[in-house]
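Breakdown of the fold
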Amino acid sequence: DVPVFSLSTLGDDDDKSASTGKIRSTMNILSYASPISIKPYRMWSISLYKGTLSHENFAREKRGVLQMLRPEHAYCKGTKTAGEEALAQAGELIRVLGGSSGMDVDKRAVCAELGYAWEKLLPEEEEEEEEGEV
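Along each chain, residue indices are assigned from 1 in the same order as the chain's sequence is written. Only residues with pLDDT of at least 70 get local features here, since the model is predicted, and only at 80 or more are side-chain atom pairs given and counted; chain-wide, interface and lining totals rely on the full set of residues. The side-chain quantities take in all heavy atoms of the structure and omit both hydrogens and water.

Our focus in this paragraph is the pattern of salt bridges. In the sections that follow, a salt bridge refers to a side-chain nitrogen of Lys or Arg positioned within 4 Å of a carboxyl oxygen of Asp or Glu. In total, this model carries two salt bridges according to the counting rule given. The closest approach of N and O atoms between glutamate 92 and arginine 95, which form a salt bridge, is 3.3 Å. Separated by three residues within a single helix, glutamate 92 and arginine 95 lie in helix H3 (residues 92–99), roughly one turn from each other. Residue exposure (1.4 Å probe, protein chains only): buried if accessible area is under 20% of the type maximum, exposed if over 50%, otherwise partly exposed. For glutamate 92, a relative accessible area of 27% corresponds to the partly exposed category. When its relative accessible area of 43% is taken as the criterion, arginine 95 is described as partly exposed. Numbering goes from the N terminus for both helices and strands, where a helix is a DSSP run of H or I of at least four residues and a strand is a run of E of at least two.

This is the structure we're talking about:
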């Protein structure tokens, strides 16, 4: 068993689809990731295929959210509860994130259908403002 990660990268307009000409935010599967520094900043070395939406977004934005997946992520929550239907869904999250292109598939919508809705992170300045409000 080896750790499996997902890298989330930000598109140029988070709420638009590829059909509008805007670049989507996306997530992928990443199995080559290693920590290389903790000071002055935490840094990881990762591998991304060139020509992918994840690579395009990461190269433009120079950042992303790296998350280590748990074994449970191989078995989607979804809306199915048991039996053959649940088994048919097993591994679907991994197939969507790693076996399809964000240029062709709205991974945000598919992840939501599987029970893994994406959360929006606030920019640092907005986060500081919210922390100050009580």
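Back to the write-up after that little detour.
Looking now at the nonpolar core. In this description, a nonpolar core means a group of buried Ala, Val, Leu, Ile, Met, Phe, Trp, Tyr and Cys residues linked to one another through side-chain atoms lying within 4.5 Å. Judged by nonpolar contacts, Met27, Leu93, Val96, Leu97, Cys111, Leu114, Tyr116 and Trp118 together constitute the single largest core of eight residues. Within the second largest apolar cluster, five residues are counted, among which are Leu7, Leu30, Ala33 and Leu48.

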